[in-house]
Each structure stands twice: as structure tokens, then as C-alpha cells.
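Coordinates in review
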Amino acid sequence: MKTIPKLMLLAALVLLCPAAASANALPVFCVTAFASRVPVTNLSNEQIEEFHIVDEYLMDELSEANIALIDVSLDTTRARIDEQMTQMELGTFPPEIECLHPDYVIYGYLTNLGVALSMRPGSSAQVVRADLSARVIETATGKQVFTATGTGESAAKSYSAGIGGMKLLRFGTKEFTEECLHEALLKATHQIAEKLKKKL
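Residues numbered from 1 in each chain as written. Predicted model: local features only at pLDDT ≥ 70, side-chain atom pairs only at ≥ 80, totals over all residues. Heavy atoms only, no water.

A few points about helix α3 (residues 54-62)
Burial runs high along α3: seven of the nine residues are buried. Among all positions in α3, only Val54, Asp55, Tyr57, Leu58, Met59, Glu61 and Leu62 are buried. (Buried < 20%, exposed > 50% of the residue type's maximum accessible area, 1.4 Å probe, protein only. Helix = DSSP H or I, 4+ residues; strand = E, 2+ residues; numbered from the N terminus.)

Given below as C-alpha cells:
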């Protein structure tokens with residue numbers, strides 16, 4: 001007869017374990033490709049296209065957060081990005097995201113990317129500036145639960161043509177490296193990631 005309470009206890013544990021596992025499961029965040037909403041820029045289309053590295057930067061920045069991440073940015077064509085954004089702004093989700101069953105979706109926009117001349121006493125430098133905006137949507141409700149913005153700047157130095165191993169981008173009569181452009185984007189992404197991690 002003493003074995004009956006033990007069996008009952010074991011059965012209760014079996015029933016409770018799935019619930020406990022579910023309670024301890026990490027929230028799943030799906031990161032989509034960012035879209036460009038830059039109205040006016042003094043950079044070329046080729047240079048603007050460099051901003052798509054933001055998706056990879058954001059995944060790296062959030063990898064240490066206590067969440068599960070799904071990256072769908074590489075699976076999305078550029079033509080499809082705008083369609084996805086329109087759907088999500090209306091509170092619905094594209095089938096390629098919905099089938100993954102994420103708890104939240106992170107998407108966003110590049111709102112500014114350009115080069116400006118920074119004047120300081122005794123010196124001047126061209127500065128690459130990038131502005132990003134990110135949004136977090138809860139899939140269960142389709143509601144926006146959080147937004148974050150980030151700004152990054154990187155001073156563009158003048159380089160002589162023919163430097164090995166560097167991709168040079170031109171603005172006016174000056175040249176700057178692709179790494180300079182990426183640094184501004186990375187700083188903007190880092191700001192957004194830090195704000196997101198405080199809310200997670």
C-alpha cells in the first residue's frame with residue numbers, strides 16, 4: 001500500500017514537468033531584415049546598400065541576451081522586405097515568419113545614412129552618420145511593445161588610392177574606407193541592442 005502514494009507522486013511530477021519546462025523556456029525573438037527609409041542622402045546607392053550588415057550586427061549583439069534568436073534576414077529578398085514591413089505594421093505576419101512561431105518579431109529601418117563635414121578649430125573631418133530605428137512586435141497580439149533608436153558616427157579619413165585590402169568609397173574629392181561606414185552602423189546597432197536588452 002505504501003507504493004500507491006509514491007506512484008501518485010510520480011504521476012504528479014510527470015504531469016507538472018512539461019508545465020515547468022514551458023515556464024522556463026526562453027522567449028523566441030525573430031530578427032528580420034532592416035529596410036531603408038532614407039529620404040535624401042549624399043551617398044551612392046552602392047554605399048547605402050552597405051547598411052544591410054545591420055541584421056548581422058544585431059544578431060551578434062543580442063546573442064548574449066537571455067532569449068532564443070531566429071535570423072530570417074538572409075532568407076528575405078530585398079523586394080520582399082517592404083511587403084513584410086507593411087504587413088507587420090498592420091499587426092499581421094508573413095507566412096515565412098508565422099510558421100516559425102516566434103513570441104516576438106524585431107524589425108526596423110535605416111532612417112539616415114550620409115556624410116557631413118565636421119568643422120573644429122584648426123581641423124576638419126568628414127563624418128559618416130547612421131541612424132536606425134527598431135521595433136518589437138508581440139506575435140500573440142500583433143501589438144508593438146517596444147521601440148528603440150540608435151545613432152552612430154565615424155570620422156572619415158582621407159586615403160590615397162591603391163591601398164591594398166581596403167575598399168574605398170568616395171564622397172566629393174575625399175575617399176574613406178568601407179570599414180568607416182560599417183563602424184557608424186555598428187555603433188547605431190549597439191545602441192539599439194543595449195536598449196532592447198534592458199527591456200528583455
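Topic: the packing of α3 against helix α6 (residues 178-199)
Between α3 and α6, whose axes approach to 9 Å, the crossing angle comes to 40°. In terms of their interaxial angle, α3 and α6 are classed as oblique. Note that α3 runs across α6; the crossing there is right-handed. Where α3 abuts α6, its residues Val54, Tyr57, Leu58, Glu61 and Leu62 lie against His182, Leu185, Leu186, Thr189, His190, Ile192, Ala193, Glu194, Leu196 and Lys197. A class-by-class count of the residues in the contact of α3 with α6 yields nine nonpolar, three polar and three charged. (Axes fitted to C-alpha atoms, helices over the stretch in contact; angles between N-to-C directions. Parallel < 35°, antiparallel > 145°, perpendicular 65-115°, else oblique. Left-handed = near helix turned anticlockwise from the far one by under 90°. Contact = heavy atoms within 4.5 Å. Nonpolar A, V, L, I, M, F, W, Y, C, P; charged D, E, K, R; others polar.)

As for the packing of aromatic side chains
The geometry of an aromatic ring pair is captured by the separation of the ring centres together with the interplanar angle, meaning the angle of the planes. Under the criterion given, the structure shown has two aromatic pairs. Here phenylalanine 29 and tyrosine 104 contribute two aromatic rings whose centre-to-centre distance is 4.8 Å and whose plane-to-plane angle is 20°, an arrangement assigned as stacked. Remark: tyrosine 104 occurs in strand β4 (residues 104-120) and phenylalanine 29 occurs in strand β1 (residues 28-31); sequence separation between them is 75 residues. What makes phenylalanine 29 buried here is its relative accessible area of 4%. Residue classification places tyrosine 104 among the partly exposed positions, given a relative accessible area of 23%. An angle of 85° between the planes, with centres 6.0 Å apart, marks the rings of tyrosine 107 and tyrosine 109 as edge-to-face. Neither residue differs from the other here; tyrosine 107 and tyrosine 109 are each classed as buried. (Phe/Tyr/Trp six-rings, centres within 6.5 Å; stacked < 30°, edge-to-face > 60°.)

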